[in-house]
Amino acid sequence: MAKIEKDTIIGDILDICPDAAPYLLEMGMHCLGCPASRGETLEQACMVHGTDPDELCAKLNALIAE
């Protein structure tokens, strides 16, 4: 099973778990299809959008485990 880390690329997260999109949209990342957003790490995206990367990692990993 894949595990999401802070250094996981957003594009990889969406490839691993397309159901993660609502979580990313919830944090304000509305341009999931643009090349820049798909190429940045989860930690970078969280920094830009004021979200705790550890908390989001935990949510995404719980989603994958379901």
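Residues numbered from 1 in each chain as written. Predicted model: local features only at pLDDT ≥ 70, side-chain atom pairs only at ≥ 80, totals over all residues. Heavy atoms only, no water.

Draft legend 1. Here's a closer look at the overall build of the chain. A count of helical and extended segments in the chain gives 5 helices and 0 strands. Secondary structure elements of the chain occur, N-terminal to C-terminal, as α-α-α-α-α. Structurally, the chain occupies a C-alpha span of about 25 × 20 × 20 Å along its principal axes. Looking at the chain residue by residue over its 66 residues, the buried ones come to 39%. Looking at the chain alone, contacts between residues at least 24 apart form 61% of all its contacts between residues at least 6 apart. Carbon and sulfur atoms form 54% of the exposed surface of the chain, whose accessible area is close to 3,800 Å². A gap of 1 Å separates the mean positions of the 4 positive and 12 negative side-chain charges of the chain. (Helix = DSSP H or I, 4+ residues; strand = E, 2+ residues; numbered from the N terminus. Buried < 20%, exposed > 50% of the residue type's maximum accessible area, 1.4 Å probe, protein only. Contact = heavy atoms within 4.5 Å. Areas by Shrake-Rupley, 256 points an atom, 1.4 Å probe, with all protein chains shown as cover. Lys, Arg positive; Asp, Glu negative; His and termini not counted. Charge placed at Lys NZ, Arg CZ, Asp CG, Glu CD.)

Draft legend 2. Summary view of the pattern of salt bridges. Applying the stated criterion across every chain yields a total of 4 salt bridges. A salt bridge links Lys6 to Glu43; its shortest N-O distance comes to 3.9 Å. Taken together, the positions of Lys6 in the segment before helix H1 (10–16) and Glu43 in helix H4 (residues 42–49) put the pair 37 residues apart, joining distant regions of the chain. Since its relative accessible area comes to 31%, Lys6 is described here as partly exposed. Among the salt bridges present, the one from Asp54 reaches Lys6, with a minimum N-O distance of 3.7 Å. Here Asp54, found in helix H5 (residues 53–65), pairs with Lys6, found in the segment before H1; they are 48 residues apart in sequence, far enough to count as distant. In the salt-bridge network here, residues are joined through shared partners; they are Lys6, Glu43 and Asp54. (Salt bridge = Lys/Arg side-chain N within 4 Å of Asp/Glu carboxyl O.)

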